[in-house]
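Each chain, letter by letter, is given below.
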Amino acid sequence: MKPTALRLLLPCLLALSPASAATSAASAPAAPAALAATAASPDTAPALIADRQAMQAPANVALTGWVGQRILGSETNRLVKVDVDRMLEGYRKRPGRQSWEGEHIGKWLHAATLAWAHSGDPALRAKIDSAVVELLKTQLEDGYLGTYIPARYWSGFDVWSHKYNLIGLLTYMRHTGNVQPLEACRRIGDLLYNTFGDENGKRDITKSGWHAGMASSSVLEPMALLHRLTGEKRYLDFCEYIVRSWEQPDGPKIISTLLATGRVDQVGNAKAYEMLSCLLGVLELYRTNHDPRLLTATLNAWKDIHENRLYLTGAASSRELFRDDHELPNTNNVGETCVTVTWLQFNAQLLRLTGEARFAEELERVVLNQLLGAQNPSCDAWGYYVEMEGRKPYSSALTGNCCLSSGPRGVALIPTFATSTDADGAVVNLYEAGTAKLALRDGTAVTLATDTRYPADGRIRISVTPSAPATFALKLRIPEWSAGAPLRINGTATKVSPGADGYVALRRAWKAGDTVELDLTMQPRVLIGEHTNVGKAAFLYGPLVLAADDAFLPSGATSLRPLVLPSADLQKTGFTVEPATGKFLTWPGAQVFRIEAGARETTGATTSVVPQTIRLVPFADAGGFGSHYKIWLTLASALAPNISIEGLGAASGRSGAAPAAALAINDGDLNSTTTASSGATAGEQWFSVSFARPLDLRRVAFVHGFNLTQRGWFDTSAGKPVVYVQRRIGGAWEKIGELADYPATTATEGAIFKRELKGQLDVTTGDIERVSQSQTFSLALSKPETAVAVRVAGMPSSGEKTDNHAVSCAELQVFVR
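Please read all numbers here as calculations on a predicted model, not as lab measurements.

1. Some remarks on the overall build of the protein chain
Working step 1: A tally of helices and strands in the protein chain yields 17 helices and 31 strands.
Working step 2: Counting all 817 residues of the protein chain, 61% fall into the buried class.
Working step 3: Look at the contacts in the protein chain between residues 6 or more apart in sequence, and 72% of them connect residues 24 or more apart.

Dropping the structure here:
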């Protein structure tokens, strides 16, 4: 069974060309009686700006390779199993458990509807229908459809939840053919229009939500869609009010800043997810009112992110914000999945509007690396922050995890842009095995059947079957990483150069049985690190970013930290492609990549590099089964003569979390931390590092970690932090000195550690954002001390919160020279 595709021009949610809305309503599963399907109409107020590329109905594109497997897994292992009652809990019994709980049902409706439109699964359709019925029951008479109590209306993430409810319901109407929820959407629109505005007596929308008002004003996107669907001018007026509100003295100044400086880190409070959400709305408004400033502002934002604020994997944001140019640490809450999905939507929107291959290039990068890397291989859980190294924090519980509902939206959108159409013919954006049934703008029906093992192999064969012989262009995207791409049509070599839009256009008279063969150059590449990754290197293979994974460490090796790369010369690394086995055989084409690396090994005061064969895996699978991973490997040529020795870290009160403590305390990264807490009792707290064999220690350094709002340092009022060593495993701890250069502090006063950063807020607590100080305090030893472990201990601080004493550590470093 296949669903109805409506000719409603809706968001980056998905935009259909008129020709793609051809599936029969009679084939859709029956809706419940409470949602009897009614006829749908085209937009009453069509967009003034037509899309260059028409995204496709999910039913028209069946992907059957690696990506297709992940799409199907998202539906069957996540979306169809979600507890709808849990998502509706905050609506049925207001308020919800936390401030943005209301977003989940709208996000789920968006993703689940697109997934059903792709598969036609009747069980998922029934669940969607039931969820819509139950959600609409909770709408109040005045149109309110949020999770807040009246005293808290229009604060925090209240408008935000209404935004996602509109997105979910508009998507549902479009793909099921059932427009009964339209009245509920109108009531939301009217409520927002009557509540917010610059007229006397109305609220200021930028003061009704978090992050300089960008959270609440991101409702711009579905309100622009609601205007086009209904033709109601007041909804358009509301959208234009939002853009005006941004330019108030204390507004986020989205458009003016992007036009003047082009820097996203200077917009509002630089919160990436909310800002990109606003920019999606800007593009929908641009389609509606054709204001060229809006497109220019968004293209400036894209250029800035692409050039200055984008990770190798297609992730963006560090601790949920756009930071300074190239400030892209590998750890410390980077790679938020909500940002990943919204960046994907942003590129899909710009691809639709411009038809330029550079946006499809970014879609491939983010899909094959960061998006699939945030989804666990079993497809039932997602990571919140999916960093460039560490352990992926997969979760399947809704509590507090906004990314758990965002990730499936990104996956469900993939079929809409993998293959598309434009004025010249058909366009291939992503190479994946499968079939696309397209309707060209002249009405010609064309089926493209792709046979490939990409991205495991660069050989791609596309069978072209028009309904009748026809002349049109088949446009192919040649990835920027491919050193040439031989093309053959029906076995005959063809040379074609990319056009102004970046695509190679094969224009000819096509008939059933014609084939196109494409050979992309799937060669490994070594990328030398810059900025935060100076002295390191990363491996890529075709479109894939690779990572070392400790599941593949040789026998006896326990950590990735000692790994070094003896040479950046690809030939000297012995790079070899091998078929994956065991749990890493996540799809039939799965591969691993063998290289010759090395490991630092220290005995006494001597450190050497020992050859070590390791295997890399695609970032999408790295850490997929609970292991640690890292993309950037240290070059042996960059090793400092006096580098901190790797050891296993631990912290008081953290005995059950030794792996996390080890990663934070002794990982060489000043941005990753661990905390030792003693609650209301101000008992001594400690951090330690132990070694595989006795070492001759020359210096011990303690690096301060995060401020936990108003605490996180040692209280030195009774003495400086003490350094201890353990001479043998299980032996007594002996004092060898103290951190004499540690500043004078008390339990409540640690002024040297109280530096706020841009006045930003912690997104989960509302407290001033935790700040990594990275101050280092050392004990230099007059003679070597032989030890198997070292510990730094002292009294924790409490600030004004005397019921929660804590101290934070970024690194406990030990040196043998």
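Once you've had a look at it, read on.
2. Some points on unusual backbone geometry
Leave glycine aside and you will find that most residues have negative phi; peptide bonds, for their part, are mostly trans.
Working step 1: Here Arg94 and Pro95 are connected by a cis peptide whose omega angle stands at 0°.
Working step 2: Mapped onto the fold, Pro95 is located in the loop between helix 2 (84-92) and helix 3 (103-119).
Working step 3: Unlike most non-glycine residues, Glu320 shows phi in positive territory, near 75°.
Working step 4: Along the chain, Glu320 turns up in the loop between helix 12 (292-308) and helix 13 (337-354).
Working step 5: What makes Glu320 buried here is its relative accessible area of 2%.
Working step 6: Positive phi, normally seen in glycine, also occurs at Asn332, with a value near 80°.
Working step 7: Within the element layout of this structure, Asn332 appears in the loop between helix 12 and helix 13.

3. Digging into the packing of aromatic side chains
Working step 1: Throughout the structure, instances matching the rule amount to 28 aromatic pairs.
Working step 2: Joined through ring pairs, the aromatic side chains of Trp100, Phe157, Trp160, Tyr164, Trp210 and Tyr273 make up one cluster.
Working step 3: Cation over ring: Lys392 sits above Phe619, and NZ or CZ is 4.5 Å from the ring centre.
Working step 4: Against the face of Trp686 rests Arg791, its NZ or CZ located 3.9 Å from the ring centre.

4. Points about the side chain of His118
Working step 1: Within the element layout of this structure, His118 appears in helix 3.
Working step 2: A polar side-chain atom of His118 sits 3.1 Å from the main-chain carbonyl oxygen of Val61.

5. Here we look at the pattern of salt bridges
Working step 1: This model, assessed by the stated rule, comprises 48 salt bridges.
Working step 2: Across the salt bridge formed by Glu320 and Lys271, the nearest N and O atoms sit 3.0 Å from each other. One end of the pair, Glu320, is in the loop between helix 12 and helix 13; the other, Lys271, is in the loop between helix 10 (254-260) and helix 11 (272-289), with 49 residues separating them in the sequence. We note that Glu320, like Lys271, is buried.
Working step 3: Residue Lys475 pairs with Asp501 through a salt bridge whose shortest N-O separation is 2.8 Å. Placement of the pair is Lys475 in strand 10 (residues 470-477) and Asp501 in the loop between strand 12 (492-494) and strand 13 (503-510), with a sequence separation of 26 residues. With respect to class, Lys475 is no different from Asp501; both count as buried.
Working step 4: Each of Asp43, Asp51, Arg228, Glu284, Arg287 and Arg352 takes part in one network of salt bridges that share partners.

6. Observations regarding the pairing of strand 28 (residues 722-726)
Working step 1: Taking burial as the measure, the five residues of strand 28 include five buried ones, the bulk of the element.
Working step 2: Along strand 28, one buried face is formed by Val722, Tyr724 and Gln726 and the opposite face, lined by Val723 and Val725, is buried too.
Working step 3: Note that strand 28 and strand 29 (residues 733-738) share five bridges and pair antiparallel. Within strand 29, the position partnered with Val723 by the bridge is Gly737.
Working step 4: In sequence, strand 28 turns back onto strand 29 through a hairpin of six residues, with Gly730 there showing a positive phi of about 85°.
Working step 5: Where strand 28 and strand 30 (residues 776-796) come together, five bridges link them in antiparallel fashion. Of the residues in strand 30, the one forming a bridge with Gln726 is Ala789.

7. Here's the deal with the environment of Ala590
Working step 1: Residue placement: Ala590 occurs in the loop between strand 19 (576-579) and strand 20 (591-603).
Working step 2: Sequence spacing of Ala590 and Glu578 is 12 residues, and the spatial spacing of their C-alpha atoms is 8.9 Å.
Working step 3: Not counting chain neighbours up to four residues away, the residues in contact with Ala590 comprise Pro579, Ala580, Phe584 and Leu585.

8. Some words on the packing of helix 11 against helix 13
Working step 1: Taken N-terminus to C-terminus, the directions of helix 11 and helix 13 make an angle of 20°; their axes are 9 Å apart at the nearest point. By the angle between their directions, the pair helix 11 and helix 13 is classed as roughly parallel. Crossing handedness for the pair helix 11 and helix 13: left-handed. Taken together, the residues of helix 13 that come into contact with helix 11 (itself represented by Ala272, Tyr273, Leu276, Ser277, Leu279, Leu280, Leu283, Glu284, Tyr286 and Arg287) are Cys338, Val339, Thr342, Trp343, Gln345, Phe346, Gln349, Leu350, Arg352 and Leu353.

9. Regarding empty space enclosed by the protein
Working step 1: One pass over the structure, following the stated rule, counts 10 cavities of 30 Å³ or more.
Working step 2: Trp100, Phe157, Lys271, Glu274 and Cys402 are the residues nearest the centre of the largest cavity, which is lined by 13 residues in total.
Working step 3: Taken together, the residues of the lining of the largest cavity break down into seven nonpolar, one polar and five charged.

10. Re helix 9 (residues 233-245)
Working step 1: Between the first and last C-alpha of helix 9 there are 18 Å, a value that for 13 residues agrees with the 18 Å anticipated at 1.5 Å per step.
Working step 2: Taken residue by residue, helix 9 has Tyr235, Leu236, Phe238, Cys239, Tyr241, Ile242, Val243 and Ser245 as its buried positions.
Working step 3: Of the surrounding secondary structure, the elements contacted by the buried residues of helix 9 are helix 6 (182-195), helix 7 (214-217), helix 8 (220-230), helix 10 and helix 11.

11. Re the nonpolar core
When a protein is soluble and globular, its nonpolar side chains tend to lie buried together.
Working step 1: Counting residues in hydrophobic clusters, the biggest one holds 198 residues, and the most contacted among them are Ile105, Trp108 and Phe417.
Working step 2: Discounting residues that sit within four places of it in the chain, Phe417 has contacts with Met55, Leu344, Ala348, Leu363, Val367, Asn429 and Leu430.
Working step 3: In terms of nonpolar packing, the next biggest core, distinct from the first, is built from 30 residues, Phe687, Val689, Trp713 and Leu779 among them.

12. A closer look at helix 5 (residues 158-176)
Working step 1: With 19 residues, helix 5 extends 27 Å between its outermost C-alpha atoms, agreeing within 8% with the 27 Å of an ideal straight helix rising 1.5 Å per residue.
Working step 2: Of all 19 residues making up helix 5, 19 are buried, and the element is well covered by its neighbours.
Working step 3: Taken from the residues just after helix 5, Gly177 is the one with a positive phi, measuring 85°.

13. Side note on the pairing of strand 20
Working step 1: Note: strand 18 (residues 563-565) against strand 20, two bridges, orientation antiparallel. Paired with Val564 across the bridge in strand 20 is Gly598.
Working step 2: Across four bridges, the pairing between strand 19 and strand 20 is antiparallel. For Val577, the partnering residue across the bridge sits in strand 20 and is Phe593.

14. Focus: the sheet that holds strand 6 (residues 425-428)
Working step 1: The strand order across the open sheet built from four strands is 5-6-10-13, with neighbouring strands paired in mixed fashion. Each edge of the open sheet is held by one strand with a lone partner, namely strand 5 (419-421) and strand 13. Going across the sheet, the axis of each strand differs from the next one's by a mean of 20°, ignoring polarity.
Working step 2: Where strand 10 lies against strand 13, eight bridges are found, and the strand directions are antiparallel. The partner of Leu474 across the bridge, within strand 13, is Leu506.
Working step 3: Strands in contact with helix 14 (residues 357-374) are strand 10 and strand 13; relative to strand 10, the strand with the most contacts, it is inclined by about 55°.
Working step 4: Strands strand 5 and strand 6 of the sheet are contacted by helix 15 (residues 403-418), whose axis makes an angle of about 45° with strand 5.

15. Some remarks on the confidence of the model for the protein chain
Working step 1: Chain-level statistics for the protein chain give a pLDDT mean of 88 and a share of 89% at 70 or above.
Working step 2: Ignoring residues within four places in sequence, the model shows residues 1-40, a span with pLDDT below 50, making 142 contacts including any to other chains.
Working step 3: Of the regions scoring below 50 in pLDDT, residues 655-661 engages in 10 contacts with residues more than four places distant in sequence or in other chains.

Parameters and conventions
Residues numbered from 1 in each chain as written. Predicted model: local features only at pLDDT ≥ 70, side-chain atom pairs only at ≥ 80, totals over all residues. Heavy atoms only, no water. Helix = DSSP H or I, 4+ residues; strand = E, 2+ residues; numbered from the N terminus. Buried < 20%, exposed > 50% of the residue type's maximum accessible area, 1.4 Å probe, protein only. Contact = heavy atoms within 4.5 Å. Phe/Tyr/Trp six-rings, centres within 6.5 Å; stacked < 30°, edge-to-face > 60°. Lys NZ or Arg CZ within 6 Å of the ring centre and 35° of its normal. Polar contact = N/O pair within 3.5 Å; in protein donor to acceptor, adjacent residues only side chain to side chain. Salt bridge = Lys/Arg side-chain N within 4 Å of Asp/Glu carboxyl O. Pairing = 2+ DSSP bridges. Axes fitted to C-alpha atoms, helices over the stretch in contact; angles between N-to-C directions. Parallel < 35°, antiparallel > 145°, perpendicular 65-115°, else oblique. Left-handed = near helix turned anticlockwise from the far one by under 90°. 1 Å grid on protein atoms, 1.4 Å probe; cavity = no way out; pocket = protein on both sides within 12 Å on 5 of 7 lines; lining within 4 Å. Points joined across faces, edges and corners; volume = space filled by probe spheres on them. Nonpolar A, V, L, I, M, F, W, Y, C, P; charged D, E, K, R; others polar. Expected span 1.5 Å × (residues − 1). Core = buried A, V, L, I, M, F, W, Y, C linked by side-chain atoms within 4.5 Å. pLDDT = per-residue confidence, 0-100.

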